[in-house]
Amino acid sequence: MYPDLQKELATFERRTPKSAEAHKKNLKRIPLGVASNYRAYDPWPIFVKEASGSKFRDLDGNEYIDHNLTFGALMAGHCHPAVMKAVEKRLSTGTMFGMPHDMEWELAEEICNRFPVEMCRFGNSGTEATMHAIRLARAVTRRDYIIKFDGGYHGHSDGLLAKAGSGIATQGIPGTPGVPEAFAALTITIPFNDLNALREVLAARGHEIACLIGEPVPANMGVVLPEPGYWEEVRRLLDAHGSLLLFDEVITGFRLGWQGGQGWSGVTPDLCTLGKIIGGGLPAAAYGGRAEFMRRIAPEGPVYQAGTLSGNPLAVAAGLATLRELQRTLPYSSLASLTDELAEGLRQAASDAGVPVTVNHVASILTVFFTEGPVTDFHSAARSDTQRFAAFFHACLRHGVMLAPSQFEATFVSTAHTEAEIAQTIAGAHLAFQEVAS
Ligand code: PMP
C-alpha cells in the first residue's frame, strides 16, 4: 500500500468513529454496509448527518465542501429552497398514485423543449433508462448487438456490465459474476476516441448492431473529451450501417448546458437518456427520442416498459423545480468559469508539489488523473496511480473537501458553490498534493 495512504487511513479512522460504528452496524445486514457499491471505500464510508447548499456534515461533526453532489445529481446543491418547497407542497397531496398526474406533463414538456427529443418516458434510475432505451433500439432495428466504450458506465443492467475481452473491438465478457456470458457477448466494446475500432466493428458486423451507447463526454472513466469531429464521424458511420446512436446523458444532461451533450457536441442522437439532475436529488430518470420510435412503446406499440414508482410525483416536483431554477438563474457560464478556476487551481497545486497529473474538464465537471497523460480513453486513464489518488482523496477529506471518491469518477461544481468555496477547495487540495508528493 502507498505509505501516505496508510497514514491517511489511520487519521481518517480517528476522525470518523461514529461513521465506523454506523458502518459496523450496517455490515451486519447490508452487504458492504452500503446501498450502492460506489459508496464504499476504505476503511469505511463517511456517514452523513445533514447537508445544505454546497456542504455536508458527517456523524462526527466534520464538515466538507461537497464536490461529489450525489454523483452529479445535485446541480443546485443540497436542500435548495425552491426544490424543498416544491417537494413539501407536492408531499401534502400524496406520495404516489399508481396513476398519472398533471406534473409529469410539465417535466416532459420542459425536457422536450430543451432537448432534441419529441417524447420521453420516465423511470426511477439511470440504469432503468439505459436498459429501456436499448430495448427500444433493439426493437426498432430488429438487431441484438450493441456497442459501448471500454470503461464506459451506463448503469448496472447485465449487458452493460460487459467489459472488454482481448483485441481492439471485442465481444464483451461478464464484468461481474452473475452476468451470463451470452448476455455479455451481445455487447461489443471499443476504445473511446478510436474511429478505426468503430469502423472495424461496423465493417465486420454493422448489420447486427442495434446501437452504440455512449456519454457525449464520458464522465465514468473520469472526464474524457472527444477529439474534434469524433461524434460527427461516429454519427455518419452508424447511419451508413443503419445503427442508432444512443447518448447516455444521465450525467451530461442539463450539466453541459441546456441541451446537454447534444447541444455541446452539435450531434443529435436517435435516442437519449437523462437522470440525476432531472430528479433534483430524488429518484427520476427518462429516456426519449424521435416520436416515431417512442410510439413503439406499449401500450401504443409492442415494446414493453413498466415501473410501479415511475413518474413519482415527489421526484418530478424536485426535478421540475431544479430545471426552473436553472432557467431562472441561467448559471451555465458562471459554473463554467468557476470550474475553469478550480481546474487551473488544481493543476497549479499539483505542479507546485511536483505531482504529475492531467486535469480534464468541461462545463462543471472535471477529473484529476494521477498520470502525465494525455487521457483520451479508458486505457490512458487506467495508467493513473490509483494508490496516490486514494491518498490524495483522503488527504482532501481531512482538509474538508469531498472530491470524486474514485479515480474514474467526475468531480462536480453546483450552483451552490461560491468563489470563496472554490478557493477553499483549491487550498485544501494544495495541502493534499504536498502531502502525497513524496
Ligand atoms: N449512466 C450514466 C452515464 C451514469 O453516470 C450512471 C450513474 N452514475 C448511470 C447511467 C446509472 O444511473 P443510476 O445510478 O441512477 O442507475
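Caption draft 1: Molecular detail of empty space enclosed by the protein. One pass over the full model with this rule turns up one cavity of 30 Å³ or more. By volume, the largest cavity is sized at about 60 Å³. If you go around the largest cavity, the residues you meet are Thr367, Val368, Phe389, Phe392, Leu403, Ala404, Ser406, Gln407, Glu409 and Thr411. Split by residue class, the lining of the largest cavity holds five nonpolar, four polar and one charged.

Caption draft 2: Molecular detail of the pairing of strand S2 (residues 55-58). Every second residue of S2 is oriented toward a common face, the buried set being Phe56 and Asp58 and the non-buried set Lys55 and Arg57. Summarising the sheet, strand S1 (residues 48-52) and S2 pair through four bridges and their orientation is antiparallel. Bridge assignment links Val48 to a residue of S2, and that residue is Asp58. The turn linking S1 back onto S2 is made up of two residues, and Gly53 within it adopts a positive phi angle of 60°. In this antiparallel pair of consecutive strands, S2 and strand S3 (residues 63-66), the connection spans four residues, and Gly61 shows a positive phi of 90°.

Caption draft 3: Spatial organisation of the sheet that holds strand S11 (residues 244-249). The strand order S4-S13-S12-S11-S10-S5-S9-S7 describes an open sheet built from eight strands, whose pairing is mixed. Lying at the two open borders of the sheet, with one neighbouring strand each, are strand S4 (119-123) and strand S7 (170-171). As paired strands, S7 and strand S9 (residues 187-190) are joined by two bridges and run antiparallel to one another. Bridging from a neighbouring strand, Gln171 pairs with Ile188 of S9. Where helix H5 (residues 102-114) meets the sheet, its contacts fall on S4 and strand S12 (271-274), and the angle it forms with S4 comes to roughly 125°.

Caption draft 4: Quick peek at the environment of Gly77. Structurally, Gly77 can be placed in the loop between helix H3 (69-72) and helix H4 (81-91). As for Gly77 and Ser52, which are separated by 25 residues in sequence, their C-alpha atoms are 7.2 Å apart. Leave out the neighbours within four places in its chain, and Gly77 touches Gly53, Leu69, Ser414 and Ala416.

Caption draft 5: Focus on the pairing of strand S13 (residues 285-289). Burial analysis of S13 places five of its five residues in the buried class, which makes it a mostly covered element. The two faces of S13 match: Ala285, Tyr287 and Gly289 on one face and Ala286 and Gly288 on the other face are all buried. Note: S4 against S13, five bridges, orientation antiparallel. Looking across to S13, one finds that Arg121 is bridged to Tyr287. As paired elements, S12 and S13 share four bridges and run antiparallel to each other. Bridging across to S13, Cys272 finds its partner in Gly288.

Caption draft 6: Just the pattern of salt bridges, in detail. By the definition in use, this model includes 19 salt bridges. The shortest N-O distance in the salt bridge between Arg398 and Glu8 comes to 2.4 Å. Remark: Glu8 occurs in helix H1 (residues 3-15) and Arg398 occurs in helix H15 (residues 386-398); sequence separation between them is 390 residues. Overall, the relative accessible area of 8% leaves Glu8 in the buried class. With its nearest N and O atoms 3.1 Å apart, the salt bridge here joins Glu344 to Arg347. Taken together, the positions of Glu344 and Arg347, both in helix H13 (residues 332-353) and three residues apart, correspond to about one turn of that helix. Each member of the salt-bridge network shares a partner with another, and the members are Arg235, Asp239, Asp270, Arg290 and Glu292.

Caption draft 7: Here's a closer look at the site of the ligand. Around the ligand, a shell composed of Ser125, Gly126, Thr127, Tyr153, His154, Gly155, Glu215, Asn220, Asp248, Val250, Ile251 and Lys276 is seen. Asn220 is positioned such that a nitrogen or oxygen atom in its side chain is 2.9 Å from an oxygen atom of the ligand. At 2.6 Å, a side-chain N or O of Asp248 approaches a nitrogen atom of the ligand. Coverage of the ligand by the protein amounts to 82% of the 390 Å² it exposes when considered alone. Of the residues in the shell around the ligand, the class split is three nonpolar, six polar and three charged.

Cut-offs and rules
- Residue positions are given per chain, counting from 1 as you read along its sequence in written order.
- Where local features are concerned, this predicted model is filtered to residues with pLDDT of at least 70; where side-chain atom pairs are given and counted, the filter is 80 or more; whole-chain, interface and lining totals use all residues.
- Hydrogens and water are ignored here; the side-chain numbers use all heavy atoms of the structure.
- Put plainly, a pocket is an open set of points on a 1 Å grid over the protein atoms alone with protein on both sides within 12 Å along at least five of seven lines, a cavity is a set where a 1.4 Å probe fits but cannot get out, and a lining residue has an atom within 4 Å of a point.
- Grid points are joined across faces, edges and corners, and a volume is the space filled by probe spheres set on the points.
- When residues are sorted by character, Ala, Val, Leu, Ile, Met, Phe, Trp, Tyr, Cys and Pro go into the nonpolar class, Asp, Glu, Lys and Arg into the charged class, and all the rest, Gly among them, into the polar class.
- Throughout, exposure labels follow a simple rule: accessible area from a 1.4 Å probe, protein chains only, divided by the maximum for the residue type, with under 20% read as buried, over 50% as exposed, and the rest as partly exposed.
- Secondary structure counts use DSSP, requiring at least four H or I residues in a row for a helix and at least two E residues in a row for a strand, with both numbered from the N terminus.
- The pairing criterion is simple: DSSP has to find at least two bridges between the two strands.
- Residue contacts are defined here by distance: any two heavy atoms, one from each residue, within 4.5 Å place the two residues in contact.
- Interaxial angles span 0 to 180 degrees and are taken between N-to-C directions of axes, which are lines fitted to C-alpha atoms, for helices over the stretch in contact.
- The term salt bridge refers to a side-chain nitrogen of Lys or Arg lying within 4 Å of a carboxyl oxygen of Asp or Glu.
- A molecule or strand has a residue near it when one of that residue's heavy atoms lies within 4 Å.
- Nitrogen and oxygen atoms within 3.5 Å of one another constitute a polar contact, given that in protein one can donate a hydrogen and the other can accept it, and given that sequence-neighbouring residues count only through two side-chain atoms.
- Only the protein chains shown count as cover for residues, and all accessible areas are computed by the Shrake-Rupley method using a 1.4 Å probe.

Functional significance is not addressed by these values, which are geometric in nature.
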